[in-house]
Amino acid sequence: MSASQTSDVPTLLVKIFGKDRPGITAGLFDTLAAYSVDVVDIEQVVTRGRIVLCALVTKPAGGTEGDLRATVHSWAESLKLQAEILSGTGDNRPRGSGRSHVTVLGHPLTAESTAVIAAEITGAGGNIDRIFRLAKYPVTAVEFAVSGVETEPLRTALATAAAHIGVDIAVVSAGLHRRAQRLVVMDVDSTLIQDEVIELFAAHAGCEAEVAEVTERAMRGELDFEQSLHARVALLAGLDASVVDKVRAEVQLTPGARTLIRTLKRLGYQVGVVSGGFTQVTDDLRERLGLDFASANTLEIVDGKLTGKVTGEIVDRAGKARLLRRFAAEADVPLSQTVAIGDGANDLDMLNAAGLGVAFNAKPVVREAAHTAVNVPFLDAVLYLLGITREEIEAADLA
């Protein structure tokens, strides 16, 4: 039956709750089958071994509703379950226009923060149609299916709430395109890895303080990225090229990075990195992690020594956004179906250009400008923003 066909049809809402065990769902519908009813809707939830099973069915013909009620109650009592049967008309009321998925990451997720989120959704004019858990570790991740309000105003309302209650909230529009996001591009330094590569090189050159001073000048706005890049790389002049292998060995992946990439790849996504760092490191990461795309600046090496210069196209703030577009074109993925992840102001153009921009443990200015933020130290938490459950992650590991 279509929604219009069931709008005026008498229906019964059959609710079963109690201790879960195998066979309850089959048993209920075996019981109902004797009355030749049609199933309009089903919802079942199991939480800590307790089941709540709801079945919306058409009323039985021939005045046998009383018999159905008695039979269902008797069946439930035989299994030490409780039953409730409510009469009504038609199906659920139509959902309002505007549908979104609201993903909440808490470490932990408190009752207080959940109350605030629910109130903000209601205050924005939304209705919570469904809530389910995506993961219980390493963070608690739950998803709210919301209707009745457009995505952008809902995102704005919840972004403000997230900042106050200390949880991460992502709001994306519902639809098939969510599962069709097939390209993920991320920054490297302090995102994919825990290090700043220029600082690793500087440690071998004995010029950490000088590099840090240039970085501070850039942060104060005295130098743009390209100027600061050239100034810092110049301090590496004369360093033996053998240090590249040492730096590669020192690089530490962010917790969850391997899981993120492995899961995305096994689910059919393409994955790339863009970096203001150096190809001498990103090329190694591309090979080790099986990345599809990688682009960064290149340290010039002549006669086995770093010259203190970079060669080729400079990867700066604008360059990262340009590379995201290039990778999307090569992957044949619409820009609206891309995901970008980064932590610094240098990533902002890329985050804003992507269909979903994720600020990962980012500076405040980046968190405020991105579509959403992840402030837990696990990079694979980004998977939950894509609607991927912990069970799916573990299943991908076994594939």
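As a reminder, the structure under discussion sits directly above these lines.
Note that this is a predicted model, so its numbers are computed, not measured. (Residues numbered from 1 in each chain as written. Predicted model: local features only at pLDDT ≥ 70, side-chain atom pairs only at ≥ 80, totals over all residues. Heavy atoms only, no water.)

S.K.: Can you tell me about the sheet that holds strand β6 (residues 127–135), naming the residues and giving the values?
M.R.: As summarised here, the arrangement of the 4 strands in space is β6-β7-β5-β8, forming an open sheet in which the pairing is antiparallel. Since the sheet does not close on itself, it has two edges, and those belong to β6 and β8 (168–173), each with one partner. For this sheet, the mean inter-axis angle between neighbouring strands, taken without regard to orientation, is 20°. The pairing of β6 with strand β7 (residues 140–147) spans 7 bridges and is antiparallel. Note that in β7 the partner of N127 across the bridge is S147. Relative to β7, helix α4 (residues 111–123) is tilted by about 15°, and along the sheet it contacts β5 (99–106), β6, β7 and β8. (Pairing = 2+ DSSP bridges. Helix = DSSP H or I, 4+ residues; strand = E, 2+ residues; numbered from the N terminus. Axes fitted to C-alpha atoms, helices over the stretch in contact; angles between N-to-C directions. Contact = heavy atoms within 4.5 Å.)

S.K.: Would you mind going over the sheet that holds strand β4 (residues 82–89) in detail, with residue names and values included?
M.R.: Read from one edge to the other, the open sheet built from 4 strands follows the order β2-β3-β1-β4, with strand pairing classed as antiparallel. One side of each edge strand has no neighbouring strand; the edge strands of this open sheet are β2 (39–47) and β4. Each neighbouring strand pair of the sheet contributes to a mean axis angle of 10°, computed without reference to strand direction. Where strand β1 (residues 10–19) meets β4, 8 bridges bridge the pair, whose relative direction is antiparallel. Counterpart to P10 in the pairing with β4 is T89. Across the sheet, helix α2 (residues 24–33) is in contact with β1, β2 and β3 (50–58); its angle to β3 comes to roughly 25°. Helix α3 (residues 65–78) contacts β1 and β4 of the sheet and is inclined by roughly 155° relative to β4.

S.K.: Please provide a residue-by-residue account of helix α9 (residues 243–250), values included.
M.R.: For α9, the complete set of buried residues consists of V243, V244 and V247. The arc that holds every buried residue of α9, seen down its axis, measures 105°, which confines them to one face. Summarising the geometry of α9, the exposed residues directed more than 90 degrees from the buried face are D245 and A249. Check the buried side of α9 and you find it contacts α6 (197–205), α11 (279–289) and β11 (293–302). (Buried < 20%, exposed > 50% of the residue type's maximum accessible area, 1.4 Å probe, protein only. Arc of directions from axis to C-beta.)

S.K.: An account of the packing of α2 against α3 is needed here, citing residue identities and associated values.
M.R.: The angle between the axes and the distance between the axes are what describe a pair of packed helices. Viewed as axis vectors pointing N to C, α2 and α3 meet at an angle of 155°, and their least axial separation amounts to 10 Å. For the element pair α2 / α3, the angle class is roughly antiparallel. Relative to α3, α2 is oriented so that their crossing is right-handed. Residue-level contacts link I24, G27, L28, T31 and L32 of α2 to L68, T71, V72 and W75 of α3. Across the contact of α2 with α3, the residue classes tally to 6 nonpolar, 3 polar and no charged. (Parallel < 35°, antiparallel > 145°, perpendicular 65-115°, else oblique. Left-handed = near helix turned anticlockwise from the far one by under 90°. Nonpolar A, V, L, I, M, F, W, Y, C, P; charged D, E, K, R; others polar.)

S.K.: Would you mind going over the pattern of salt bridges in detail, with residue names and values included?
M.R.: Counted under the stated rule, the structure contains 17 salt bridges. A salt bridge links E65 to K59; its shortest N-O distance comes to 3.4 Å. According to the relative accessible area criterion, K59 is partly exposed, its value standing at 30%. Taking the shortest distance from any N to any O, the salt bridge between D380 and R390 comes out at 3.3 Å. Highlighted residues: D380 in the loop between β15 (372–374) and α15 (382–385) and R390 in helix α16 (residues 390–398), separated in sequence by 10 residues. Neither residue differs from the other here; D380 and R390 are each classed as buried. (Salt bridge = Lys/Arg side-chain N within 4 Å of Asp/Glu carboxyl O.)

S.K.: Outline the packing of aromatic side chains, supporting the account with residue identities and numerical values.
M.R.: For the structure shown, the criterion picks out 2 aromatic pairs. Ring plane angle 85° and centroid distance 5.9 Å describe the contact between F201 and F278, whose orientation is recorded as edge-to-face. One end of the pair, F201, is in helix α6; the other, F278, is in strand β10 (residues 270–278), with 77 residues separating them in the sequence. Since its relative accessible area comes to 0%, F201 is described here as buried. Measuring from ring centre to ring centre gives 4.8 Å for F293 and F327, while their planes differ by 15°; the resulting arrangement is stacked. Linking F293 in strand β11 with F327 in helix α12 (residues 317–331), this pair joins segments that are 34 residues apart in sequence. Classification of F293 by relative accessible area gives buried; the value is 9%. Residue F327 is classed as buried on the basis of its relative accessible area, which comes to 5%. Cation over ring: R182 sits above Y269, and NZ or CZ is 5.0 Å from the ring centre. (Phe/Tyr/Trp six-rings, centres within 6.5 Å; stacked < 30°, edge-to-face > 60°. Lys NZ or Arg CZ within 6 Å of the ring centre and 35° of its normal.)

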